[in-house]
Amino acid sequence: MFYVFYGNDREGVNRKTGSLLLELGKKYKGVEVLKFSGDAFEAPPFFPLMETKGLFEDLRIAVCDGMYEVAELGKKTNLEALQKSPNIFLLKEVTLLAEEVKKLAKYAEKAPEESKAIAKKQDFNIFTLAGALGERDKKKLWVLLQEACRAGLNSE
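On a predicted model such as this, the values are computed, not experimentally measured, just so you know.

## With respect to the overall build of the chain
Along the backbone of the chain there are 8 helices and 4 strands. Counted from the first residue to the last, the chain has its helices and strands arranged as β-α-β-α-β-α-α-α-β-α-α-α. Taking contacts inside the chain between residues at least 6 apart in sequence as the whole, the part at least 24 apart equals 81%. With the model as given, the accessible surface of the chain reaches about 10500 Å², and the carbon-plus-sulfur share is 53%.

Next up, the structure:
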């Protein structure tokens, strides 16, 4: 089985993945959960999971966090083999292109997107600080400095 969770709402993706892990943990008692991360990906322990069962347990769950792009999992892996594997694979991604979503949704049991509207940063005119400094208005300068910090500008 193969599940995909993606979207820019990282907390939502983690929440959905966690709830699925709890559900699978109740269904399959004593299942081993293996975690793989994109930045520390090692092929030898991952690829045999697609074809083999565990020695003492029938099933393992592999949680792959950010591996599709970083470790080039999509290019190196036969997704049909992941789908037909005796083990369960959970893929957590931040952003995927539309063509990648179609490719993954073709083989995945679930592929829900967790997205949150990204707030646009306020535009702050940095030259208003210089104007307040030129006017020698300390109060106005301090208020504008705080607004600049809230808008996400660096202190430099």
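## So, the pairing of strand β1 (residues 2-6)
Along any regular strand, the residues point their side chains to alternate faces of the sheet. By the criterion of burial, β1 is predominantly enclosed, with 5 of the 5 residues buried. Of the two faces of β1, both are covered, the one formed by Phe 2, Val 4 and Tyr 6 as well as the one formed by Tyr 3 and Phe 5. For β1 and strand β4 (residues 88-93), the ladder comprises 5 bridges, and the chain directions are parallel. In the strand pairing of β4, Phe 2 is matched with Phe 89.

## Structural notes on the packing of helix α7 (residues 127-135) against helix α8 (residues 138-150)
Their axes nearest at 9 Å, the elements α7 and α8 cross at an angle of 165°. As summarised for this structure, α7 and α8 are arranged roughly antiparallel, according to the angle between their axes. Handedness of the α7/α8 crossing: left-handed. Contacts between α7 and α8 involve Thr 128, Leu 129, Ala 132, Leu 133 and Glu 135 from the former and Lys 140, Leu 141, Leu 144, Leu 145 and Ala 148 from the latter. Its residues placed into classes, the contact of α7 with α8 shows 7 nonpolar, 1 polar and 2 charged.

## Observations regarding the pattern of salt bridges
According to the stated counting rule, one finds 4 salt bridges in the structure shown. Lys 84 is paired through a salt bridge with Glu 80; the nearest N and O atoms lie 2.9 Å apart. Of the two residues, Lys 84 and Glu 80 are both situated in helix α5 (residues 79-84); the distance of 4 residues between them amounts to about one turn of the helix. Glu 80 gets classed as partly exposed once you look at its relative accessible area, which sits at 33%. Lys 140 is the partner of Glu 135 in a salt bridge, and the nearest nitrogen-oxygen pair spans 3.5 Å.

About the thresholds
Residues numbered from 1 in each chain as written. Predicted model: local features only at pLDDT ≥ 70, side-chain atom pairs only at ≥ 80, totals over all residues. Heavy atoms only, no water. Helix = DSSP H or I, 4+ residues; strand = E, 2+ residues; numbered from the N terminus. Contact = heavy atoms within 4.5 Å. Areas by Shrake-Rupley, 256 points an atom, 1.4 Å probe, with all protein chains shown as cover. Buried < 20%, exposed > 50% of the residue type's maximum accessible area, 1.4 Å probe, protein only. Pairing = 2+ DSSP bridges. Axes fitted to C-alpha atoms, helices over the stretch in contact; angles between N-to-C directions. Parallel < 35°, antiparallel > 145°, perpendicular 65-115°, else oblique. Left-handed = near helix turned anticlockwise from the far one by under 90°. Nonpolar A, V, L, I, M, F, W, Y, C, P; charged D, E, K, R; others polar. Salt bridge = Lys/Arg side-chain N within 4 Å of Asp/Glu carboxyl O.

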